[in-house]
Amino acid sequence: MKLNRRLFLGTAAAATASLSAPMVMGGSHSRPRVVVIGGGAGGATAARYINKDSKGEIDVTLIEPTRRYYTCFFSNLYLGGFREMESLGHGYGSMASQGVNVVHDWAVGIDRDAKTVALAGGGSVPYDKLILSPGIDFMDGAVPGWSLASQNAMPHAYKAGSQTELLKAQIAAMPQGGTFALVAPPNPFRCPPGPYERISMVAHNLKANNPTAKILVLDPKPKFSKQALFEEGWANHYDGMIERIGPDFGGDAVEVRPDAMEVVVDGEVEKVDVCNVIPAMKAGRVCDMAEVTDGRWAPVNAADMSSKMDDSIHILGDASAQGDMPKSGFSANSQAKVCAMAVRGALTDSKVFPAKFSNTCWSLIDTDDGIKVGATYEATDEKIAKVDGFISKTGEDADLRRATYEESVGWYSGITADMMG
Amino acid sequence: MLRMLRHSFVALTLIAGPVMAADEIGDAERGAELYKECKSCHQVGAGAKNRVGPQLNGIFGRQAASMEKFRYSKSLKRAGNDGLIWDLEKLSAYIENPKAFASDTRMNYKGMKRVGDRNDLLAFLRVYSDNPQDIPEAQPTARALSHDIDPTILTIVGDPEYGEYLSSECLTCHRADGTTEGIPSITLWPEEDFVVAMHAYKRKLRPHPVMQMLAGRLNNEEIAALAAYFSLLEE
């Protein structure tokens, strides 16, 4: 990291200044500073674009505790056996070599008056603009009986990595004819088709390895994303394997007992072998730390993703309350580019163009059976508003579904290259 | 001249019979029909120019990736430097599965599986290589990219700086380095081809729903800006 920054700055004197910089406020001659907290689809993209497009005029620091980022998108494909976990991991070396100051540490405090971020490892980093992209955390008590302390018995696997690996291992250890339960979250939540793609991928896995197993979906929502497409696919590929209980039959009143591996639905106790609990979500706690949340999420202005509470802070991706865009990696990446342009414009007088947003979410139902939904969005005074959209159709032919899957694989390579450089 | 050649190829095919090997000369007339798959990117014949793909006059006997004015993929350049000369066998292998032949080729073509089809197509292309001195007289068979776009749209000069910002939306899926994997390359296209393609999506003539949606909200200046930016990207 130090070497890269020295190379980037070009002179030893500048390097010395920058090495001591985290401890002191920058002088009047220093470059404007952008600090990004969270190195996922929103934060990594913002850090990389601001660094790349400002061509050295802005000092960009990315604070991200993990050295390797595992994408939540495509992690269902790992459960289905279509991807290796390692193919979902991405490092920050490329971004660092392009000049982003990558700090692997936890942000533990944000002083909005002094404009500094305190790090767990000691010291603090000053900013002119702060970009928060912390993703999601879970609501305490959202599913009675479940807490983070029970995530080993009943994984959420909704932050990719060891939780996803744990869930896959539990599926592999299920007895023949056992039951896999999934407790789906209420709206709004990260990746609206995610729980249902997960059910598809678990079904694919079980069909090959445990064909008499059952999947029980407990869902507090009456409707879900791409519902007709998923239900058609489940009937075609996994007939009789999947049972979904919606709010009419108690899907909205579920209690879990992690020690006994039981779920209680509308008073009835079900014994299960694996239980994937995806609780209700809120903005990552960094947003609470900065006191930019209102309720569960952090409200932002659509034109530049700036916080409605502090115009020196921008919030990207899942954590933000922005309007019509779904919480997805694609959305976060799209928002990051608008934010990067606005931040550059504010700090260096570069040109600012009108905000344009877009999103597409692909899901895989079974081998070569891909579907997608997407939309374009624009900034209004009130929110990010949907302009136009599309969705795959039921009954599409196999060639189109295969092409959609292949396109999603291409998109995965594209967006991860776009995020990480 | 062309007609005579076609006749001779037909005769040859009849002698060769229906079972064909990759080194046989096919039916140039049928090849002209098959060539329609290629002509949205490649021109051949009198006045052919490089478009999304290089022009194909004289392709037989030419060193791979050797035309100075066309920017080839690294794979093809390497193959050319290593001494690859295009002949019937090599071209047939390339057309059968471009990615298998040159892994990062920007030729976004799924491949022509039947050897008989490839022989016919190459018989057609060979007409423009066998006797280069005859090419000016050859029929203009491949004026590709027929379109009915308002000519004033094509005269708009795009702002590459605006294009750079707009391009960030494209680069979520399309790769800046031109690699293709499930999603085609859009770098280094001639500006006109880029503009024509985007307007075809905008008017829903091209079928892809994501592209129809994204192109649908770009105005003429924005499309020109993107075309200007992507035509200038370095590899």
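Going by the structure above, here's the rest.
None of these values were measured; they are calculated from a predicted model.

Analysis parameters
Residues numbered from 1 in each chain as written. Chains lettered and ligands numbered in written order. Predicted model: local features only at pLDDT ≥ 70, side-chain atom pairs only at ≥ 80, totals over all residues. Heavy atoms only, no water. Patch = residues over 30% accessible without salt bridge, like charges linked within 9 Å, V, L, I, M, F, W, Y side chains within 5 Å. Areas by Shrake-Rupley, 256 points an atom, 1.4 Å probe, with all protein chains shown as cover. Salt bridge = Lys/Arg side-chain N within 4 Å of Asp/Glu carboxyl O. Lys, Arg positive; Asp, Glu negative; His and termini not counted. Charge placed at Lys NZ, Arg CZ, Asp CG, Glu CD. Helix = DSSP H or I, 4+ residues; strand = E, 2+ residues; numbered from the N terminus. Buried < 20%, exposed > 50% of the residue type's maximum accessible area, 1.4 Å probe, protein only. Contact = heavy atoms within 4.5 Å. Buried area = accessible area lost by both parts, 1.4 Å probe. Polar contact = N/O pair within 3.5 Å; in protein donor to acceptor, adjacent residues only side chain to side chain. Axes fitted to C-alpha atoms, helices over the stretch in contact; angles between N-to-C directions. Parallel < 35°, antiparallel > 145°, perpendicular 65-115°, else oblique. Left-handed = near helix turned anticlockwise from the far one by under 90°. Nonpolar A, V, L, I, M, F, W, Y, C, P; charged D, E, K, R; others polar. Pairing = 2+ DSSP bridges.

S.K.: Outline a negative patch on the surface, listing residues and values.
M.R.: All names here are of chain A. Residues Glu243, Asp248, Asp252, Asp266, Glu268 and Glu270 make up a contiguous surface patch of negative charge. Summarising the element assignment, Glu243 is placed in strand 13 (residues 242-245). Given the relative accessible area of 48%, Glu243 is considered partly exposed.

S.K.: Would you mind going over the interface of chain A and chain B in detail, with residue names and values included?
M.R.: Between chain A and chain B, the contact holds 36 residues from the first and 23 residues from the second. If you sort the residues of chain A by the area they bury against chain B, A:Phe353, A:Lys356 and A:Phe390 come out on top, with a joint share of 26%. At the junction of chain A and chain B, the tally comes to 3 salt bridges. B:Glu222 serves as the salt-bridge partner of A:Lys356, at 3.3 Å between the closest nitrogen and oxygen. The interface formed by chain A and chain B includes 13 residue pairs in polar contact (both at pLDDT 80 or more). Of all the secondary-structure elements, those providing two or more residues to the side of chain A that touches chain B are helix 3 (43-54), helix 10 (329-348), strand 22 (356-366), strand 23 (369-379), strand 24 (384-391) and helix 11 (398-420) of chain A.

S.K.: Report on the packing of helix 3 of chain A against helix 10 of chain A, specifying residues and quantitative values.
M.R.: All names here are of chain A. At a minimum axis separation of 8 Å, helix 3 and helix 10 run at an interaxial angle of 40°. Classified by the interaxial angle, the pair formed by helix 3 and helix 10 is oblique. Viewed along their axes, helix 3 and helix 10 form a crossing whose handedness is right-handed. In contact with Thr45, Ala46, Tyr49, Ile50, Asp53 and Ser54 of helix 3, helix 10 contributes Asn333, Ala336, Lys337, Ala340, Val343 and Arg344. Across the contact of helix 3 with helix 10, the residue classes tally to 6 nonpolar, 3 polar and 3 charged.

S.K.: If you had to explain the pairing of strand 16 (residues 268-271) of chain A to someone new, which residues and values would you point to?
M.R.: All names here are of chain A. Judged from the 4 bridges that link them, strand 15 (residues 262-265) and strand 16 form a sheet pairing that is antiparallel. The residue bridging Val263 from the neighbouring strand is Glu270, located in strand 16. Two successive antiparallel strands, strand 15 and strand 16, enclose a turn made up of 2 residues, where Asp266 displays a positive phi of approximately 55°.

S.K.: Which residues make up unusual backbone geometry, and what values do they have?
M.R.: Residues and elements named next belong to chain A. Note the cis peptide between Asn187 and Pro188, where omega equals -15°. With respect to the helices, strands and loops of the structure, Pro188 is situated in the loop between strand 11 (179-183) and helix 7 (194-209). At Phe74, a residue that is not glycine, the phi angle is positive and equals roughly 80°. Looking at the element boundaries, Phe74 is found in the loop between strand 3 (68-70) and helix 4 (75-80). A relative accessible area of 7% means that Phe74 is categorised as buried.

S.K.: So what's going on with the side chain of A:Thr360? Which residues, and what values?
M.R.: Examined against the element boundaries, A:Thr360 turns out to sit in strand 22. Residues contacting A:Thr360, with those up to four places away along its chain left out, are A:Phe330, A:Lys372, A:Val373, A:Gly374, A:Phe390 and B:Val210.

S.K.: How would you sum up the sheet that holds strand 13 of chain A? Please name residues and give values.
M.R.: All names here are of chain A. Strands sit in the order 13-12-11-17 across an open sheet of 4 strands; the sheet is parallel. Two strands in the sheet have a free side with no partner beyond their single neighbour: strand 13 and strand 17 (274-277). The average undirected angle you get between the axes of adjacent strands in this sheet is 15°. In the sheet, strand 12 (residues 214-218) pairs with strand 13 via 4 bridges, with the strands oriented parallel. What sits directly across from Leu218, in strand 13, is Ile245. Against the sheet, helix 6 (residues 162-172) contacts strand 11 and strand 17, and its axis sits at roughly 155° relative to strand 17.

S.K.: Report on the environment of A:Leu347, specifying residues and quantitative values.
M.R.: Residue and element names in this part refer to chain A. With respect to the secondary-structure elements, Leu347 resides in helix 10. On a C-alpha basis, the gap between Leu347 and Ile58 in space is 7.8 Å, while along the polypeptide they are 289 residues apart. Contact partners of Leu347, with chain neighbours within four places excluded, come to Pro32, Val34, Ile58, Asp128 and Lys129.

S.K.: Explain the pattern of salt bridges residue by residue, including any values.
M.R.: All names here are of chain A. What the rule picks out here adds up to 32 salt bridges over all chains. One salt bridge connects Asp418 with Lys337, and the closest N-O pair in it is separated by 2.7 Å. Highlighted residues: Asp418 in helix 11 and Lys337 in helix 10, separated in sequence by 81 residues. With respect to class, Asp418 is no different from Lys337; both count as buried. Among the salt bridges present, the one from Arg401 reaches Glu396, with a minimum N-O distance of 2.7 Å.

S.K.: Describe the sheet that holds strand 15 of chain A, with residues and values.
M.R.: Residue and element names in this part refer to chain A. Spatial strand order, 14-15-16: 3 strands in an open sheet with antiparallel pairing. The sheet terminates laterally at strand 14 (254-257) and strand 16, the two strands that pair on one side only. Pairs of neighbouring strands in the sheet enclose a mean axial angle of 25°, with direction left out of account. Examined bridge by bridge, strand 14 and strand 15 share 4 bridges and lie antiparallel to one another. Looking across to strand 15, one finds that Arg257 is bridged to Glu262.

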